[in-house]
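Structural description and commentary
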Amino acid sequence: MPATFVLNAMTSDEVATVGLAGDIDLTVEPLLQAWLARALAAHQPPRVDVDLAGLRSIDSFALSVLMAADRYARDTGGWMSVTGVDAPVRALLAERGLDKVLDLRPSGVLLFPC
């Protein structure tokens, strides 16, 4: 059964935002990868917020896409933050050690690095 998911994107002068909600799995990976690539290209250097508010589940394939986007942002002098991280998603990321790599923030908290 395919995942039930919502992807949305918005770009402002300061940041490109990609919102994820629902269930993100392997079937969604190509779409997620394409949306993140557009967000990363919106500003040079990249400034991306990935909003996970409403996310119910995310699999290891989608997590690897997030990690690749984060690495690309950092490697090109930009940044990527992950906002809207609730306790269950934070626990999942911590279980995989990603809480120490990704810039995790609660909903509504987006700080612009200097």
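That block above? That's the structure.
All values reported here derive from a predicted model rather than from experimental measurement. Along each chain, residues carry numbers from 1 onward, in the same order as the chain's sequence is written. With the structure being a predicted model, the display of local features is reserved for residues of pLDDT at least 70 and the display and counting of side-chain atom pairs for 80 or more, all residues being used for whole-chain, interface and lining totals. No hydrogens and no water enter the side-chain calculation; it runs on all heavy atoms of the structure.

A closer look at the overall build of the protein
Along the backbone of the protein there are three helices and six strands. In the protein, the succession of α and β elements from N to C terminus is β-β-α-β-β-α-β-α-β. In terms of overall size, the protein behaves like a compact globule, its C-alpha atoms giving a radius of gyration of 13 Å where 114 residues would be expected to give roughly 13 Å. Taking the principal axes of the C-alpha coordinates as reference, the protein spans close to 40 × 25 × 25 Å. The buried label goes to any residue with under 20% of its type's maximum accessible area, the exposed label to any with over 50%, and the partly exposed label to all in between, with areas taken from a 1.4 Å probe on protein chains only. Across the 114 residues that make up the protein, the buried fraction comes to 41%. Starting at the N terminus, helices and strands are each numbered in turn, a helix being any DSSP run of H or I of at least four residues and a strand any DSSP run of E of at least two. Only C-alpha atoms enter the radius of gyration; for comparison, a globular chain is expected to reach 2.2 Å times N to the power 0.38, where N is the number of residues.

Looking at the environment of Ile 58
Structurally, Ile 58 can be placed in strand S4 (residues 55-58). When its relative accessible area of 9% is taken as the criterion, Ile 58 is described as buried. Put simply, Ile 58 and Gly 22 are 36 residues apart on the chain and 8.6 Å apart in space, counted from C-alpha to C-alpha.

A short note on unusual backbone geometry
A cis amide bond links Gln 44 to the next residue, Pro 45, at an omega of 0°. Summarising the element assignment, Pro 45 is placed in the loop between helix H1 (29-41) and strand S3 (47-51).

A look at the side chain of Arg 105
Summarising the element assignment, Arg 105 is placed in the segment after strand S6 (103-104). Counting of polar contacts relies on pairs of N or O atoms within 3.5 Å, with two restrictions inside protein: one atom must be capable of donating a hydrogen and the other of accepting it, and residues adjacent in sequence are counted only when both atoms are side-chain atoms. In this structure the side chain of Arg 105 is engaged in a polar contact, spanning 3.2 Å, whose partner is the side chain of Asp 103.

Digging into helix H3 (residues 87-95)
A distance of 3.1 Å separates the backbone nitrogen of Val 89 from a side-chain oxygen at the start of H3, and that oxygen is part of Asp 86. In the stretch just after H3, Gly 97 is the one whose phi turns positive, near 80°.

Looking at the nonpolar core
Counting 29 residues, the largest nonpolar core has Leu 20, Leu 32, Leu 36, Val 50, Leu 52, Met 80 and Leu 93 as its most contacted members. At the level of secondary structure, the elements contributing two or more residues to this core comprise strand S2 (16-24), H1, S3, S4, helix H2 (60-75), strand S5 (79-83) and H3. Considering each element in turn, this core owes the most residues, six residues, to H2. In this structure, Leu 32 is in contact with Leu 7, Leu 20, Ile 24, Ala 62 and Val 65, ignoring residues within four places of it in sequence. What makes a nonpolar core is a set of buried Ala, Val, Leu, Ile, Met, Phe, Trp, Tyr and Cys residues whose side-chain atoms join them at distances within 4.5 Å. The contact criterion used throughout is that any non-hydrogen atoms of two residues lie within 4.5 Å.

Taken by themselves, the reported measurements are silent on function.
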